[in-house]
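# Coordinate analysis (summary)
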Amino acid sequence: MCYDYHGQWDKKTGHVAPMYVHPEDWEKTFNVNFTINYWIENGADPRKLVLGMPTYGQSFSLAERNNNGLNSQTYGGGEAGEETRARGFLSYYEVLIKS
């Protein structure tokens, strides 16, 4: 599982499934590269690893409209999608519609 590293539960914005560590990320282990290498270094057979990646989006309600970058403060999930009806979560097809 290489997704949901960050989301509305953090109370600040973050990448859902970053491939590599971002210099501004507060948790340096929350990325695909670290996770896969951790499993391999601890004895997992690389041929048996299956990488799970999200095809959905996490969204946030910003605490300050003008503060909208990485690590910006939030107060919860963004508006719910019409289909998923879950705050802070948009399915793949809902992301396409919003773009």
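The next thing to look at is the overall build of the protein. Helices and strands together make up the secondary structure of the protein, namely two helices and four strands. Seen in sequence order, the protein has helices and strands lined up from the N terminus as α-β-β-β-β-α. Counting only C-alpha atoms and orienting by the principal axes, one finds that the protein spans roughly 45 × 30 × 20 Å. For the protein, restricting intrachain contacts to residue pairs at least 6 apart in sequence, the fraction spanning at least 24 positions comes to 48%. In the form shown here, the protein has an accessible surface area of approximately 6,900 Å², with 53% of it arising from carbon and sulfur atoms. Treating the 9 positive side-chain charges of the protein as one cloud and the 12 negative ones as another, the clouds have centres 2 Å apart.

With that out of the way, let us pick up the pattern of salt bridges. Applying the stated rule across the entire model yields one salt bridge. Here Arg47 ties to Asp45 by a salt bridge, and the two come within 3.1 Å at their closest N and O atoms. Judged by relative accessible area, Asp45 falls into the partly exposed class, the value being 25%.

Reading guide: rules and limits
Residues numbered from 1 in each chain as written. Predicted model: local features only at pLDDT ≥ 70, side-chain atom pairs only at ≥ 80, totals over all residues. Heavy atoms only, no water. Helix = DSSP H or I, 4+ residues; strand = E, 2+ residues; numbered from the N terminus. Contact = heavy atoms within 4.5 Å. Areas by Shrake-Rupley, 256 points an atom, 1.4 Å probe, with all protein chains shown as cover. Lys, Arg positive; Asp, Glu negative; His and termini not counted. Charge placed at Lys NZ, Arg CZ, Asp CG, Glu CD. Salt bridge = Lys/Arg side-chain N within 4 Å of Asp/Glu carboxyl O. Buried < 20%, exposed > 50% of the residue type's maximum accessible area, 1.4 Å probe, protein only.

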